[in-house]
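Understanding the architecture of this molecule
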Amino acid sequence: MSAKKITKAVIPAAGLGTRMLPISRAVPKEMLPIVDRPAISYLVEECAKSGITDVLIVTSRSKTMIEDYFDYSLEYEQKLLSSGRGNEIDDLRRAAKLCNIHYIRQIETKGLGHAISFARTFVGGDPFVVLYGDDIIFSEKPVVKQLIDVYDRYELPVVGVKEVPIELVMKYDSLKTEPLEKDIYKVLTMIEKPRRDQIYSQFAILGRVLLTPDVFDIIDSLPPGAGGEIQLTDAMKIMAETGGMTAVDFEGTRYDMGSKLGFLKANTEQALKDPALGGEYMAYLKDLVSKL
Ligand code: UTP
């Protein structure tokens, strides 16, 4: 029997984003721009390119602008038409047509695991992908597709990992793994926000996981973990230790849009790749750097 086809994704985007204060009081960090598009649109694009048809975005109060972005904007279309720029309308409409987008409110922000628990009805009995709303990854092959390909082979939950510096491991999580084949590992266990003496390895989960629906009962049984929040890592630790889990050291560069430095780096690198901006921006940066 072949593995179930994966067509659903969940993007938790309800967090307060305190590391991005003061802007996050008025603009959700998932809506911060990378050049001229909000971060979250890169995530939905990654889903569409990976064969996902339905995306659930978990939102919260003051995040309504996310819904507005994935919609047609008739005032702008009218304006473009009347000024002879009608050919730009298709590009504006693209975001609304990438996938079916569904929304649900996480009524209280009690952690990433708690946010995912709101996806139970949407997911039903299917395996699904989670893209953390503030983690942007630029890659040749979409990372969601890289995870799906590993799932198709092992039929187990998959986490996307990279080796990161110790200081970051302590802020994220640490995995105990065993190699299976090139860039693919079996996950034995994991720990959220370890102290230095609790670190298993420098492999940490970065922004993409593929889960099976048994995660929901596990989340519901969890007590609050690190920071008093319901942690998805605590649920995934149980899954790894009981049913089995794989990890893929994915190809791609990840930017943490929830941090000011990550936001600046994503913008600089994407601007340099932009056909219309790249040349002039490069010249500007070189000049700037030469004067430092
Ligand atoms: P983070 O831990 O980076 O989000 O969660 P945060 O709590 O908003 O960040 P800081 O530390 O205060 O700056 C990763 C993703 O999970 C979502 C966030 O929106 C982000 O996209 N999240 C987090 C939720 O949807 N709900 C939560 O309760 C927590």
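Residues numbered from 1 in each chain as written. Predicted model: local features only at pLDDT ≥ 70, side-chain atom pairs only at ≥ 80, totals over all residues. Heavy atoms only, no water.

Reading across the sheet, the nine strands line up as β5-β4-β1-β6-β11-β8-β12-β10-β9 and stay open at both edges, with mixed pairing between neighbours. Each edge of the open sheet is held by one strand with a lone partner, namely β5 (100-105) and β9 (173-181). Going across the sheet, the axis of each strand differs from the next one's by a mean of 35 degrees, ignoring polarity. Across five bridges, strand β1 (residues 8-12) lies against strand β4 (residues 54-59) in parallel orientation. Bridge pairing links P12 to V58 in β4. (Pairing = 2+ DSSP bridges. Helix = DSSP H or I, 4+ residues; strand = E, 2+ residues; numbered from the N terminus. Axes fitted to C-alpha atoms, helices over the stretch in contact; angles between N-to-C directions.)

With that settled, the discussion passes to the pairing of β1. Of all five residues in β1, five are buried; the element is thus mostly enclosed. Of the two faces of β1, both are covered, the one formed by K8, V10 and P12 as well as the one formed by A9 and I11. (Buried < 20%, exposed > 50% of the residue type's maximum accessible area, 1.4 Å probe, protein only.)

Close to the ligand lie 18 residues, the nearest being G15, G17, T18, E30 and Q106. Here an oxygen atom of the ligand and a backbone polar atom of G15 are 2.8 Å apart. In this structure, D134 approaches the ligand through a side-chain N or O atom, which is 3.0 Å from an oxygen atom. Residue composition of the shell around the ligand, by class: six nonpolar, seven polar and five charged. (Near = heavy atom within 4 Å. Polar contact = N/O pair within 3.5 Å; in protein donor to acceptor, adjacent residues only side chain to side chain. Nonpolar A, V, L, I, M, F, W, Y, C, P; charged D, E, K, R; others polar.)

With that settled, consider the environment of K97. Residue position: K97 is located in helix α4 (residues 89-97). Take K97: its relative accessible area is 53%, and that puts it in the exposed class. In this structure, the C-alpha to C-alpha distance between K97 and D234, residues 137 residues apart in sequence, is 35 Å.

This next bit is on the packing of helix α3 (residues 74-82) against α4. The N-to-C vectors of α3 and α4 enclose an angle of 165 degrees; their axes lie 10 Å apart at closest approach. Considered as vectors, α3 and α4 are oriented roughly antiparallel to each other. Between α3 and α4 the crossing geometry is left-handed. Note on element contacts: α4 touches α3 through I89, L92 and R93, opposite Y76, E77, L80 and L81. (Parallel < 35°, antiparallel > 145°, perpendicular 65-115°, else oblique. Left-handed = near helix turned anticlockwise from the far one by under 90°. Contact = heavy atoms within 4.5 Å.)

Two numbers describe a pair of aromatic rings. These are the distance of the centres and the angle of the planes. Applying the stated criterion across every chain, the model contains six aromatic pairs. Aromatic side chains Y69 and F70 sit 5.4 Å apart centroid to centroid with 90 degrees between the ring planes, which places their arrangement in the edge-to-face category. For the ring pair F128 and F216, a centre distance of 5.6 Å and an interplane angle of 10 degrees mean the geometry is stacked. Here F128, found in strand β6 (residues 128-131), pairs with F216, found in helix α9 (residues 215-220); they are 88 residues apart in sequence, far enough to count as distant. In this pair, the class of F128 matches that of F216, namely buried. Connected via pairs of aromatic rings, a cluster forms that spans Y42, F138 and Y255. The lysine or arginine in question, K8, covers the ring of F122, its NZ or CZ lying 5.7 Å from the ring centre. Positioned over the ring face of F250 is K162, at 5.1 Å from the centre of the ring. (Phe/Tyr/Trp six-rings, centres within 6.5 Å; stacked < 30°, edge-to-face > 60°. Lys NZ or Arg CZ within 6 Å of the ring centre and 35° of its normal.)

This paragraph deals with the packing of helix α11 (residues 260-273) against helix α12 (residues 278-290). Contact geometry for α11 and α12: axes closest at 6 Å, N-to-C directions at 125 degrees. Between α11 and α12, the interaxial angle falls into the category oblique. Counting all contacts with α11, which are made through T268, A271 and L272, the residues of α12 involved are G278, Y281, M282 and L285. In terms of residue class, the contact of α11 with α12 is built from five nonpolar, two polar and no charged.

That's the geometry; what it means functionally is another story.
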